[in-house]
Amino acid sequence: PKTMSRRRTASVPSVEETGFADENDGGWNPSQLPSLAGKAVRCPRTKRLLLRDGAYWCGSPEASVFVVRGPNYLVDRVKIKCNEPLFHLLDCDLFDVDQPENHMGRHLGARMEQLWRESGLLEPDKRPFTWLIQLQVPGPPYKSFCMYFGCADRSKIFDEDTPIARLARRFFQRVTSPRTAGVNAGKGTFSSNDQLHEWRNNTFKLIPRCVNAPFVVKKAVGEVPTLLGNKIELLYYGPESGDYFETDCNIASSKIAQYTIGLAIGRASVVVADMAFLLQGAAPAELPEELFGCVRIEHIVMKDAHKLDLSGAAAPP
């Protein structure tokens, strides 16, 4: 089978050093994606994905570096340190694509299944759930940065009576929004698809954190929690299968976002940045907030993105 290490290490020479390109530089098709990565290295205690030896770009930071709304935040405005996220980071992929591709999960089913098998996180008689978050980086060349977060026991999301589950059940409904995004665009438990989409936009929150970066990047990115749907265009895909949910973040929809990402990309090889994702608690029954997942991106090399060949894939619905 075709395999390729996604992470350059001291023992893996670059194309510039050898003069030879990787076997699949012409483009990987979706059926080959499960072989992209080896087994994940995780902390034995917390199962947190660690930065591998020589790895240059993804892992899970300590959740305690982030603060979120506490149980009485609406009254006292007190924030608290985070516990470990509900979702584990399974892995990340950086793809070169010919044009921005919505609903990447349609092509990544086998990839997600393989990540679960290699993760060591699966629990007996439990059905896992995956949240795929795609950052669509403007081009050309266009990039797709896919982050895979997984919860090994979906009952913690859909069955338990906890603040995080109350939010998750509404957010992860098997409904696509906005209506123009594609099929399965119903209204769920809301009065309309528009209302559902607006609520999702006002709930999906990002907490950025620059661990190491030039001053101009730190100043542009900031560390203020942000409701992304109020800054850029977001698309939410809730397939009828219910095994995963996807959030697509269209960076090109905002000139400010394009400028910020442009600064970071221009200095990506020296940037270490964390991103934490959560759903904002806006009522007492939705507090305290908890992280759904977090990722650290370290010294990313944009030219090492994998060319993803979707020419034979089905057209979007």
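Here the structure is shown first, and the text comes after it.
Residues numbered from 1 in each chain as written. Predicted model: local features only at pLDDT ≥ 70, side-chain atom pairs only at ≥ 80, totals over all residues. Heavy atoms only, no water.

(A) Representation of the nonpolar core within the structure. Membership of the largest hydrophobic core comes to 46 residues, with the highest contact counts inside it found for Phe 87, Trp 131, Met 147, Phe 172 and Phe 204. If one sorts the elements of this core by residue count, strand E5 (residues 129-137) sits on top with five residues. Within the second largest apolar cluster, 16 residues are counted, among which are Val 97, Met 104, Met 112 and Tyr 244. (Core = buried A, V, L, I, M, F, W, Y, C linked by side-chain atoms within 4.5 Å. Buried < 20%, exposed > 50% of the residue type's maximum accessible area, 1.4 Å probe, protein only. Helix = DSSP H or I, 4+ residues; strand = E, 2+ residues; numbered from the N terminus.)

(B) A look at empty space enclosed by the protein. Counted by the stated rule, this structure contains two cavities of 30 Å³ or more. By volume, the largest cavity is sized at about 80 Å³. Thr 46, Arg 48, Ser 60, Pro 61, Glu 84, Pro 85, Phe 87, His 88, Leu 89 and Cys 294 are the residues that line the largest cavity. When grouped by side-chain class, the residues that make up the lining of the largest cavity number five nonpolar, three polar and two charged. (1 Å grid on protein atoms, 1.4 Å probe; cavity = no way out; pocket = protein on both sides within 12 Å on 5 of 7 lines; lining within 4 Å. Points joined across faces, edges and corners; volume = space filled by probe spheres on them. Nonpolar A, V, L, I, M, F, W, Y, C, P; charged D, E, K, R; others polar.)

(C) Spotlight on the packing of aromatic side chains. Considering all chains together, one arrives at 21 aromatic pairs under this definition. Summarising the aromatic geometry, the rings of Phe 87 and Phe 292 are spaced 5.7 Å apart at their centres and angled 40 degrees between planes, so their arrangement reads as tilted. One end of the pair, Phe 87, is in the loop between strand E3 (79-81) and strand E4 (88-97); the other, Phe 292, is in strand E12 (residues 291-298), with 205 residues separating them in the sequence. In this structure Phe 292 comes out as buried when scored by relative accessible area, which is 1%. Sitting over the ring of Phe 171, Arg 200 keeps its end group 5.9 Å from the ring centre. (Phe/Tyr/Trp six-rings, centres within 6.5 Å; stacked < 30°, edge-to-face > 60°. Lys NZ or Arg CZ within 6 Å of the ring centre and 35° of its normal.)

(D) Spotlight on the environment of Asn 230. By secondary structure assignment, the location of Asn 230 is in the loop between strand E8 (226-227) and strand E9 (233-237). Owing to a relative accessible area of 48%, Asn 230 belongs among the partly exposed residues under this scheme. Sequence separation between Asn 230 and Asn 202 is 28 residues, and the spatial gap between their C-alpha atoms is 7.0 Å. Apart from residues lying up to four places away in sequence, Asn 230 is in contact with Asn 201 and Asn 202. Within polar-contact distance, the side chain of Asn 230 engages the side chain of Asn 202 at 3.2 Å. (Contact = heavy atoms within 4.5 Å. Polar contact = N/O pair within 3.5 Å; in protein donor to acceptor, adjacent residues only side chain to side chain.)

(E) Fine view of the layout of surface pockets. The space that makes up the largest pocket amounts to roughly 1000 Å³. Lining the largest pocket are 37 residues, and of these Leu 206, Val 221, Thr 260, Ile 261 and Met 275 lie nearest its centre. Among the secondary structure elements, those contributing two or more residues to the lining of the largest pocket are E5, strand E7 (204-212), helix H7 (215-221), helix H8 (255-266), strand E11 (272-279) and E12. Looking at the lining of the largest pocket, the element that brings in the most residues is H8, giving seven residues. Residues that form the lining of the largest pocket fall into these classes: 27 nonpolar, five polar and five charged. Lining the second largest pocket are 13 residues, and of these Gly 109, Met 112, Glu 113, Asp 243 and Tyr 244 lie nearest its centre. Here the element with the most residues in the lining of the second largest pocket is helix H3 (residues 109-119); it accounts for four residues.

(F) Geometry of the pattern of salt bridges. Applying the stated rule across the entire model yields twelve salt bridges. Residue Arg 111 pairs with Asp 93 through a salt bridge whose shortest N-O separation is 2.8 Å. In this pair, Arg 111 is assigned in helix H3 and Asp 93 in strand E4, connecting sequence segments 18 residues apart. The pair formed by Arg 111 and Asp 93 is uniform in burial state, with each residue classed as buried. One salt-bridge network, in which partners are shared between bridges, spans Arg 69, Lys 205 and Glu 289. (Salt bridge = Lys/Arg side-chain N within 4 Å of Asp/Glu carboxyl O.)

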